[in-house]
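Spelled out, the chains give:
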Amino acid sequence: MTIAVGAPAWVDLATNEVSGTRDFYTGLFGWHWIQRPDYNIAMKEHKPVAGVLPPQTGVPTAWTLYLECGSVRHAVERIRALGGKVLVPPTETPADEMFLVAEDPTGAPVGLWQAPPNGTFGRDHAGMLCWAELHTRDGSAADPFYADLLGYRQEQIGEPGDSFDYTVWYVDDQPTAGRFETSLSLPEDVPAHWQLYFQVNPDQDTDAATAKAVQLGGEVLREPTDSPHGRVALLRDVVGASFFIIDTAQRTGE
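Predicted, not measured: the structure shown is a model, and the values here were computed from it. Sequence order as written defines the numbering, with residues in each chain counted from 1. With pLDDT at 70 or above as the cut-off, local features in this predicted model cover only qualifying residues; side-chain atom pairs require 80 or more to be listed or tallied, and sums for whole chains, interfaces and linings still use all residues. In computing side-chain values, all of the structure's heavy atoms are included and hydrogens and water are not.

Peer 1: If you had to explain the sheet that holds strand S6 (residues 85–92) to someone new, which residues and values would you point to?
Peer 2: For two strands to pair, DSSP has to find at least two bridges joining them. Under the scheme used here, helices are H or I runs from DSSP no shorter than 4 residues and strands are E runs no shorter than 2 residues, and both carry numbers assigned from the N terminus. Judged by pairing direction, the sheet is mixed, and its 8 strands sit side by side in the order S2-S3-S4-S1-S5-S8-S7-S6 without closing on themselves. At either margin of the open sheet sits one strand with a lone partner, and together these are strand S2 (32–36) and S6. Each strand of the sheet is rotated relative to its neighbour by a mean of 25°, with strand direction disregarded. Where strand S7 (residues 98–103) and strand S8 (residues 109–114) come together, 6 bridges link them in antiparallel fashion. Considered in S8, the bridge of phenylalanine 99 is made with tryptophan 113. For helices, the fitted line uses only the C-alpha atoms of the stretch in contact; every axis is such a line through C-alpha atoms, and the angle between N-to-C directions lies from 0 to 180 degrees.

Put into structure tokens, the structure is as follows:
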């Protein structure tokens, strides 16, 4: 099944502690691993769901989101024309994917992905990515960049400049990603970035998964809280990368 342009197509994490990172996410999500010399592929329900790799010089320890773009090479000039920068040029993987890493006009790193026709990426099930959200101080710059680059239809939630300024980005009328304006809440020393949400496993709710993460050596950055979309918690893993977990079965009223 072809991955739609604009949809999340991959996520990975660069770290000096590859073995410890694998152990943490295996314990938390039940991931299994395909190990290659310079890359580790996490599997869940026989589908690839994430990658872990040794870092390049100067790359922070953080999750990178890759969005399907159709053609990585064609995207290069569009990125520059729309005010972004190319940080990692088009690169081919051993599995015939192509990718690049860019910086959007608000300073957030983001990957673009070109999957082969039979490319797969496990999403929206237990232990898999289920949402991605751009946290930026400049929503008015982020929204048109991604809309022009990847063709999103964007729907504003709340009012620009209010305490909750959020846009939902749609692909084929499906909500695919979000943009959260953080000018009132993001500390000055924290750059714009993407936050990833992973669905917890059926045998543990958000609270149990949070306790498990701590047991595995992680930290709790935001205690479990209820939301209309599920019970969420913000965690930090054993190498310092932050991510959300969510139990979408535990939803509160709108």
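Peer 1: Outline the packing of aromatic side chains, listing residues and values.
Peer 2: Note on aromatic contacts: the rings of Phe and Tyr and the six-membered ring of Trp form a pair at centre separations within 6.5 Å, being stacked when their planes are under 30 degrees apart, edge-to-face when over 60 apart, and tilted otherwise. Within the structure shown, the criterion is met by 26 aromatic pairs. With centroids separated by 5.7 Å and ring planes inclined at 65°, the aromatic side chains of tryptophan 10 and phenylalanine 121 adopt a geometry described as edge-to-face. Remark: phenylalanine 121 occurs in the loop between S8 and strand S9 (129–136) and tryptophan 10 occurs in strand S1 (residues 8–14); sequence separation between them is 111 residues. Note on classification: 1.4 Å probe, protein chains only; a residue is buried when its accessible area is under 20% of the maximum for its type, exposed when over 50%, partly exposed between these limits. The class for tryptophan 10 is buried, based on a relative accessible area of 6%. With relative accessibility at 11%, the residue phenylalanine 121 sits in the buried group. For the pair tyrosine 146 and tryptophan 194, a centre-to-centre distance of 5.7 Å together with 80° between the ring planes defines the contact as edge-to-face. Taken together, the residues tyrosine 146 in helix H3 (residues 139–150) and tryptophan 194 in strand S13 (residues 193–199) connect sequence positions 48 residues apart.

Peer 1: Before we move on, could you go through the packing of helix H2 (residues 72–81) against H3 and cite the residues and values that matter?
Peer 2: Close contact between H2 and H3 brings their axes to 10 Å; oriented N to C, the two are set at 150°. Judged by the angle between their axes, H2 and H3 are roughly antiparallel. Here H2 and H3 pass one another in a crossing that is right-handed. On the side of H2, the interface is formed by Ala75, Arg78 and Ile79, while H3 contributes Phe145, Asp148 and Leu149. Amino acid classes used here: Ala, Val, Leu, Ile, Met, Phe, Trp, Tyr, Cys and Pro are nonpolar; Asp, Glu, Lys and Arg are charged; the rest, including Gly, are polar. Class assignment for the residues of the contact of H2 with H3 results in 4 nonpolar, no polar and 2 charged. Oblique is the label for any angle not covered by the other classes, which are roughly parallel (under 35 degrees), roughly antiparallel (over 145) and roughly perpendicular (65 to 115). What makes a crossing left-handed is the near helix being turned counterclockwise from the far one by less than a right angle; a clockwise turn instead makes it right-handed. When checking whether two residues touch, look at their non-hydrogen atoms; a contact exists if any pair is within 4.5 Å.

Peer 1: So, the sheet that holds strand S11 (residues 166–171): which residues are in play, and what are the values?
Peer 2: Strand order in this open sheet of 8 strands is S10-S11-S12-S9-S13-S16-S15-S14, and the pairing throughout is mixed. At either end of the open sheet lies a strand with only one pairing partner, and these are strand S10 (153–157) and strand S14 (219–225). The mean inter-strand angle of the sheet, taken between neighbouring strand axes irrespective of direction, is 25°. Summarising the sheet, S9 and S13 pair through 6 bridges and their orientation is antiparallel.

Peer 1: An account of the pairing of strand S5 (residues 63–68) is requested, with residue identities and associated values reported.
Peer 2: S5 sits mainly inside the fold: 6 of its 6 residues count as buried. Neither face of S5 is left uncovered, since the one carrying Trp63, Leu65 and Leu67 and the one carrying Thr64, Tyr66 and Glu68 both have all their residues buried. Strand direction decides the pairing type here: S1 and S5, joined by 5 bridges, are antiparallel. Following the sheet pairing, proline 8 is matched in S5 by leucine 67. Bridging between S5 and S8 involves 3 bridges; their strand directions are parallel. Residue pairing in the sheet places tyrosine 66 in a bridge with glycine 111 of S8.

Peer 1: A description of helix H1 (residues 18–29) should follow, citing residues and the corresponding values.
Peer 2: The span you would expect from a helix comes to 1.5 Å times its residue count less one. Between its first and last C-alpha atoms H1 spans 16 Å; for 12 residues at 1.5 Å apiece the expected length is 16 Å, and the two agree. Buried within H1 are the following residues: Val18, Thr21, Arg22, Phe24, Tyr25, Leu28 and Phe29. Each buried residue of H1 lies within a common arc of 165° when the element is viewed along its axis, so the set occupies one face. Directly beyond the C-terminal end of H1, a positive phi value near 75° is found at glycine 30. Directions pointing from the helix axis toward each C-beta atom define the arc.

Peer 1: So what's going on with the environment of arginine 137? Which residues, and what values?
Peer 2: Summarising the element assignment, arginine 137 is placed in the loop between S9 and H3. Using a relative accessible area of 32% as the deciding quantity, one classes arginine 137 as partly exposed. Between the C-alpha atoms of arginine 137 and glutamate 188, which are 51 residues apart in sequence, the distance is 9.8 Å. For this analysis, a polar contact is any N or O atom pair within 3.5 Å, provided that within protein one partner can donate a hydrogen and the other can accept it, and provided that sequence-adjacent residues contribute only side-chain to side-chain pairs. A polar contact is formed between the side chain of arginine 137 and the backbone oxygen of valine 190, at a distance of 2.6 Å.

Peer 1: An account of helix H4 (residues 206–215) is needed here, citing residue identities and associated values.
Peer 2: Those residues of H4 lying buried are Thr206, Ala209, Thr210 and Ala213. Viewed end-on, H4 has its buried residues packed into an arc of 105°, placing them on one side of the element. The elements touched by buried residues of H4 are H1, S14, strand S15 (231–236) and strand S16 (242–247). Measuring from the side-chain oxygen of the N-cap residue of H4 to the backbone nitrogen of aspartate 207 gives 3.2 Å; that N-cap residue is aspartate 205. Glycine 217 sits one or two positions beyond H4 and adopts a positive phi of about 105°.

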